[in-house]
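Analysis of the macromolecular model
Take a look at the letters that make up each chain.
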Amino acid sequence: MQYDVVVVGAGPSGATAAEDLARSGHKVAFIDREGRIKPCGGAIPPRLIADFFIPDDQIVAKVNTARMISPTGRQVDIPIENGFVGMVDREYFDAFLRQRAKDAGAHRYAGTFTRIERDADGTHVIYRDKISGNDMRLTTKLVIGADGARSNVARAEIKDGDKIPYVIAYHEIIEAPAANATYDPMRCDVVYDGKISPDFYGWVFPHGAHASVGMGSMIKSVDVKQATADLRTASGLTDCKTIRREGAPIPLKPLDCWDNGKDVVLAGDAAGVVAPSSGEGIYYAMVGGRVAATAAAACLASGRVKDLQLARKLFMREHKQVFRVLGAMQNAYYRSDERRERFVSLCHDVDVQKLTFEAYMNKKLVKARPLAHLKIGIKNLAHLTRLVSPLRT
């Protein structure tokens, strides 16, 4: 059989692309490296739940508060008004998305991508079968590379596809304790402390019966396991049973080019679409899968390989400004504990809280409150120029 599209990788991005293409009547296969669970806090906003029809049984917790914790231990609780942030467990959420793609008609293959070959008969995706260990070949018109950060598809097929900056993320899934003075099953804790992460942050995110405790850093010398152990100690979670441990790179910048001008287009982490500053990836991965599917369908219908460029154009048209603002915030405030202290001070401002979560929940920058933006801009300038104390809220 010749496929219209073979999707390499079946996390949220690849599974979404495969499902969308299958539902639109295309012959689709996806290659899934079974058994790997990505480290992830698991937060999904209401817009994702609505846009991608996520059923309530996939939501393992509904968070109504985010707590920001500064290097000196100051805390600010930010209420999530008019809704909640859903939490998913990637072990089950990814499996649900893969099964949904299969139910839509996509063919699933278990194995590990090795290379792409081309000859007079077309484009061939070669993968190592999980059960037999033999090399297998799928013939296709197009390939979607959704095989994560440090993507092998991107490295082989896309200019500068191996040059995405990334954070190494590590977390431990633990049995959650009962609610107590330091742990709230309806609150996400975000820890901005150089002792945990010198250039990113640590987190404690509830997952119902479990919790995700982890951190990330771009600095290779950081001992991520020790940092996570220190975070567990600081959060009163040392005695909780550890269910599993996971680590992986998380990209921090979208690639400048997502297609090879012939037969390959990237999606999700492979294209670098994780939000700076927050590290949020699930929503953007699924949008990346959707626009890659849209671009592939357009290319198949028109015969124009240029249509593969639609994936990046559609994504950046809607999200470029958000990524730009978040990137500037990370560059400004994550570089030292003094800057992180100032960032938490800004988070005390009610307008900062409202604008931040309105943007997070709806995935759009809020432009309707110019006075609030002006006030926040003045506070930012005062902190970045050190005109005020780091503790000034």
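The sections below set out a description of the structure shown in this document. Everything numeric in this text was worked out from a predicted model, so none of it was measured. (Residues numbered from 1 in each chain as written. Predicted model: local features only at pLDDT ≥ 70, side-chain atom pairs only at ≥ 80, totals over all residues. Heavy atoms only, no water.)

Quick look at the overall build of the protein
If you tally the helices and strands in the protein, you get 10 helices and 16 strands. The C-alpha radius of gyration of the protein comes to 21 Å, within 12% of the 21 Å expected for a compact globule of 393 residues. The dimensions of the protein, computed from C-alpha atoms along their principal axes, are 70 × 45 × 40 Å. Sequence separation of at least 24 residues holds for 70% of the intrachain contacts in the protein that already meet a minimum separation of 6. (Helix = DSSP H or I, 4+ residues; strand = E, 2+ residues; numbered from the N terminus. Rg over C-alpha atoms; globule rule 2.2 N^0.38 Å. Contact = heavy atoms within 4.5 Å.)

Focus on the packing of aromatic side chains
Tallied over the entire structure, the rule returns 16 aromatic pairs. Here the aromatic rings of Tyr192 and Phe343 are separated by 5.1 Å at their centres, their planes lie at 75°, and the arrangement is edge-to-face. Of this pair, Tyr192 sits in the loop between strand S12 (187–191) and strand S13 (202–207) while Phe343 is found in helix H8 (residues 337–346), placing the two residues 151 residues apart along the sequence. The class of Phe343 is buried, set by a relative accessible area of 9%. Ring-pair connections join several aromatic residues into one group, and the members of that group are Tyr192, Phe200, Tyr201, Trp203, Phe205, Tyr333, Tyr334 and Phe343. When the ring centre of Phe84 is taken as reference, the NZ or CZ atom of Lys62 above it lies at 5.0 Å. (Phe/Tyr/Trp six-rings, centres within 6.5 Å; stacked < 30°, edge-to-face > 60°. Buried < 20%, exposed > 50% of the residue type's maximum accessible area, 1.4 Å probe, protein only. Lys NZ or Arg CZ within 6 Å of the ring centre and 35° of its normal.)

Observations regarding the side chain of Arg339
Following the sequence through the fold, Arg339 ends up in helix H8. Here Arg339 occupies a buried position and makes no salt bridge, while the nearest side chain of opposite charge, Glu338, is found at 5.0 Å. Within the structure, Arg339 has its side chain in polar contact with the backbone oxygen of Ala332 (distance 2.5 Å). In this structure, Arg339 is in contact with Ala332, Tyr333 and Leu384, ignoring residues within four places of it in sequence. (Lys, Arg positive; Asp, Glu negative; His and termini not counted. Salt bridge = Lys/Arg side-chain N within 4 Å of Asp/Glu carboxyl O. Polar contact = N/O pair within 3.5 Å; in protein donor to acceptor, adjacent residues only side chain to side chain.)

Remarks on the sheet that holds strand S11 (residues 166–175)
Hydrogen bonds along the backbone pair up the strands of a sheet, which may run parallel or antiparallel. Sheet architecture is open: 7 strands sit in the order S6-S5-S12-S13-S14-S11-S15, paired in mixed fashion. Each edge of the open sheet carries a strand with a single partner, namely strand S6 (75–79) and strand S15 (242–251). Each adjacent strand pair in this sheet contributes to an overall mean axis angle of 20°, direction not counted. Bridge count between strand S5 (residues 65–69) and S12: 5 bridges; the pairing is parallel. Residue pairing across strands places Thr65 opposite Arg187, the latter belonging to S12. Sitting on the sheet, helix H5 (residues 224–234) is in contact with S11, S12, S13, strand S14 (210–217) and S15, with an inclination near 130° to S14. (Pairing = 2+ DSSP bridges. Axes fitted to C-alpha atoms, helices over the stretch in contact; angles between N-to-C directions.)

Quick notes on the sheet that holds strand S4 (residues 61–63)
The strand order S3-S7-S4 describes an open sheet built from 3 strands, whose pairing is antiparallel. Because the sheet does not close on itself, it has two edges, and the strands there are strand S3 (43–44) and S4. Relative to strand S7 (residues 85–87), S3 is paired through 2 bridges, and the arrangement is antiparallel. Its bridge partner lying in S7, Ala43 is registered against Met87.

Observations concerning the pattern of salt bridges
Going through the model one piece at a time under the given rule, you end up with 31 salt bridges. Of the charged contacts in the structure, one is a salt bridge between Arg74 and Glu341, with a shortest N-O distance of 2.8 Å. Placement of Arg74 in the loop between S5 and S6 and of Glu341 in helix H8 is noted, with a sequence separation of 267 residues between them. When sorted by exposure, Arg74 lands in the same class as Glu341, which is buried. Residue Arg244 is joined to Asp89 by a salt bridge in which the shortest nitrogen-to-oxygen separation is 2.9 Å. With Arg244 in strand S15 and Asp89 in the loop between S7 and helix H3 (90–103), this pair connects stretches of sequence that are 155 residues apart. With relative accessibility at 6%, the residue Asp89 sits in the buried group.

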